[in-house]
Structure formats: C-alpha cells, structure tokens
Amino acid sequence: MDRLQDWPEPIVPVQSLSESGARTIPARYIKPPNERPSPTTISNFHASIPVIDMSADPEHVAQTVGSACREWGFFQVVNHGVDPKLMRCARDTWRGFFHEPMEIKQQYANSPKTYEGYGSRLGIEKGALLDWGDYYFLHVRPPSLMNQEKWPALPNSLRPTTDEYAQELLKLSRRLMRVLSKGLGLKEGRLQEAFGGDKDGACLRVNFYPKCPQPDLTLGLSPHSDPGGMTVLQVDDHVNGLQVRKDGAWVTVQPVPNSFIINIADQIEVLSNGVYKSVEHRVMVSSTAERLSMAFFYNPCSDIPLAPIPELVIPDQPPMFQPMTFNEYRLYIRKNGPKGKSQVESLKIVPKAVHV
Ligand code: OGA
Ligand code: NI
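Since the structure is predicted, the reported quantities are computational estimates derived from the model, not experimental observations.

What counts and what doesn't
Residues numbered from 1 in each chain as written. Chains lettered and ligands numbered in written order. Predicted model: local features only at pLDDT ≥ 70, side-chain atom pairs only at ≥ 80, totals over all residues. Heavy atoms only, no water. 1 Å grid on protein atoms, 1.4 Å probe; cavity = no way out; pocket = protein on both sides within 12 Å on 5 of 7 lines; lining within 4 Å. Points joined across faces, edges and corners; volume = space filled by probe spheres on them. Helix = DSSP H or I, 4+ residues; strand = E, 2+ residues; numbered from the N terminus. Nonpolar A, V, L, I, M, F, W, Y, C, P; charged D, E, K, R; others polar. Buried < 20%, exposed > 50% of the residue type's maximum accessible area, 1.4 Å probe, protein only.

## Focus: the layout of surface pockets
Inference 1: In this structure, the largest pocket encloses a volume near 570 Å³.
Inference 2: Every residue lining the largest pocket is counted, 36 residues in all, and those nearest its centre are Lys-31, Leu-129, Asp-131, Ser-222 and Pro-338.
Inference 3: Put simply, the parts of the chain that give the lining of the largest pocket at least two residues each are strand E5 (134–141), strand E6 (201–209) and strand E7 (221–224).
Inference 4: At four residues, the largest contribution of residues to the lining of the largest pocket is made by E6.
Inference 5: Per-class residue counts for the lining of the largest pocket are 14 nonpolar, eleven polar and eleven charged.
Inference 6: Roughly 290 Å³ of volume is contained in the second largest pocket.
Inference 7: Of the residues belonging to the lining of the second largest pocket, the class tally is seven nonpolar, seven polar and six charged.

## Some words on unusual backbone geometry
Inference 1: The peptide bond linking Arg-141 to Pro-142 adopts the cis configuration, its omega dihedral lying at -5 degrees.
Inference 2: Mapped onto the fold, Pro-142 is located in the loop between E5 and helix H5 (158–183).
Inference 3: A cis geometry characterises the amide bond from Leu-154 onward to Pro-155, with omega recorded as -10 degrees.
Inference 4: Take Pro-155: it is sitting in the loop between E5 and H5.
Inference 5: Backbone geometry at Asn-79 places phi at a positive 50 degrees, although glycine is not the residue there.
Inference 6: Counting through the fold element by element, Asn-79 comes out in the loop between strand E3 (74–78) and helix H3 (84–98).
Inference 7: Judged by relative accessible area, which is 47%, Asn-79 ranks as partly exposed.
Inference 8: Of note in the backbone geometry, Asp-247 takes a positive phi value of approximately 50 degrees without being a glycine.
Inference 9: Along the chain, Asp-247 turns up in the loop between strand E9 (242–246) and strand E10 (249–252).
Inference 10: By relative accessible area, Asp-247 is classed as exposed at 73%.

Below, the structure is given as structure tokens:
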C-alpha cells in the first residue's frame, strides 16, 4: 500500500499568497478553461436546492427530505434545533483562528497520514493543480480519535465552543439519519444501525477561502463528492460560493441565514443502493470577500464493510455497489484529492455480460 507519510512538496498556505498582494495567481492554481467557474453556471432563478422546515409534520419532513435526496442529494434545513448564537460563535471563533499570525497556525501543520490540523491541500500527487483554500481538519468521534490537544489553543474559546458545536451537530446528524431512513421506507433506526450504532464517527473541516485576485481562473474546492455518510455544512451568508451539480450544470446555493446545508455522501449512496444521490459539488472564490465554512462529516464506523441494505435490494434493483469499509474507502481521497465521483463509481458492480 502507498504510504501517506508526507506531502510531496512544501506547503504554501493560500492565505499567505492572498495577503502578499499579488495581482495574479500562481500557475498551479489556474484550472483548465472547461473547469473554471463561470460558463456552466445556471441562474438560481431557475433552480435551487430545497429548503426544509424540520419543525413541520414528521411524515411531511420525511417525504420532502426523501425526495430532496433522490433529486438533488442536497437540501437546506431551518428550525433544526441548533442555537443560531452557537452557530455564529463557532464561525467567529474559527475566523479568529485563521486571522492568527502564520507562525501560530503553522504549529498545527498537518500531514496526509491523518489530515488532522492546519492544511492547504488534499491529495499527495506531486505537481497537481491546487485549490484556492486552506482548512483545519479535526476528529470528533469516535472518542478514541478525538484529541483536543490537536485543536487550536487560540482563540481561548475555540476548544469549548467547537466541542459544544460538535455535540449539537452529532445530535442533529443522528436525528437526520432517522428522517433519511423513513424517507427510504425503512424503520427509523435502520441507517444508524448500518453505521454501527453508537460506533458512528464524525470529523470537522473548517474551510477558509481567502480573497483571490483572479477568481475566474480557479476554484476554492474542486468538484468532489464527500466520502463519508452525510455532511452538515454551515457557511458564511454574506458571500456565495458553493455550487451543486444538477443535470450537468452547476447551481449556486443561496444560503438561508441560520440554516444548515445537508448533503448525502458516498456511504449513504451505497447503503441506499443508489436511491439517495451523493452529488458532486465545488466552491467558487471571490476577489472581494473571504469565506469561511464548517463542514461536519458524519460517518459510519470505520471498520465495518458497507454494502447496499438488503431490504433495498430487490429483483428489480440488484446491488449496485461492492462492500468496502470506510477506512479503506477514505484512503482514496487522502491520496488523490478531490476527483469528482470517480471513487464511488469504482465500487459499482458492472452487470455481467450475458453469453449466448
Ligand atoms: C467540503 C465542502 C463546501 C463549502 O468541505 O467538503 O464541500 O462551501 N465544502 O466550503
Ligand atoms: Ni464537500
């Protein structure tokens, strides 16, 4: 197996490029013309991801969430029970961290082995094109992987706020799992059971996209689907950035203040036998505003093989994916970085040729 010991070349934080005042971006950040942000974007006047009120009638919520996961793989939730003050506090604290001096941040520099800490790239391919974003990655669950010593010590409020935020998002994620199960016509606890019950996992990635002098040439995060179970994302609402793939076009998400953006990730696509879609998304950057987002990745237990749930495998819908543990699965993105949906595609079972 390839070793994920270190980065292939020295890491340059994007924030230091942004703060250098240069009017152009280095060649390594320039995407090929067909991958640049503007031309394929369709206006949000024609389409947008569904907004779902979680305080509505539970049957109605399950049904609307179920159709959002089939059609978009994405939705926003309001009245989700997490205190907006805590949401804002978490965002402000992390913004504070990214505005600490570079020497402080670099004490937490990460390696591709676990990705824990402060980083600026995904993938270890030497000479790869890079994205215009920095991030901080940390483990929340299982308890054996959570180590607050690896979280920034400054600002002072960061560790307690992040801990409280993570516990609230864990509760919300488990609640959403029940809704997702019902939306598939399964019993409420079924998806959680497939995730290993209380052996579920969670990580947090705080993304920081500094201002970019040439936003039309690059991306903050290249197209990818999330490898885990489900993502609960909080974004800054003063600037757009996230785009979701829909029918071949890129739809810009208009964040509703105090909402969370939820998306199905690869493991739930596998468990649902392809009924729920883990959809590609990407991030645009801006020349006038920096942007912070907090992606809470809710994941299955990492060492149980995941395959389509038997109740969803019926004669008309044979199993679409081969079983794999999440530990094996996430090595791919750790090595290759964001590569669209290529990984989940690689698990697809190719129907056997019929010999006549
Ligand atoms: C991610 C992601 C979107 C954003 O971190 O996987 O897709 O808006 N983030 O930053
Ligand atoms: Ni993502």
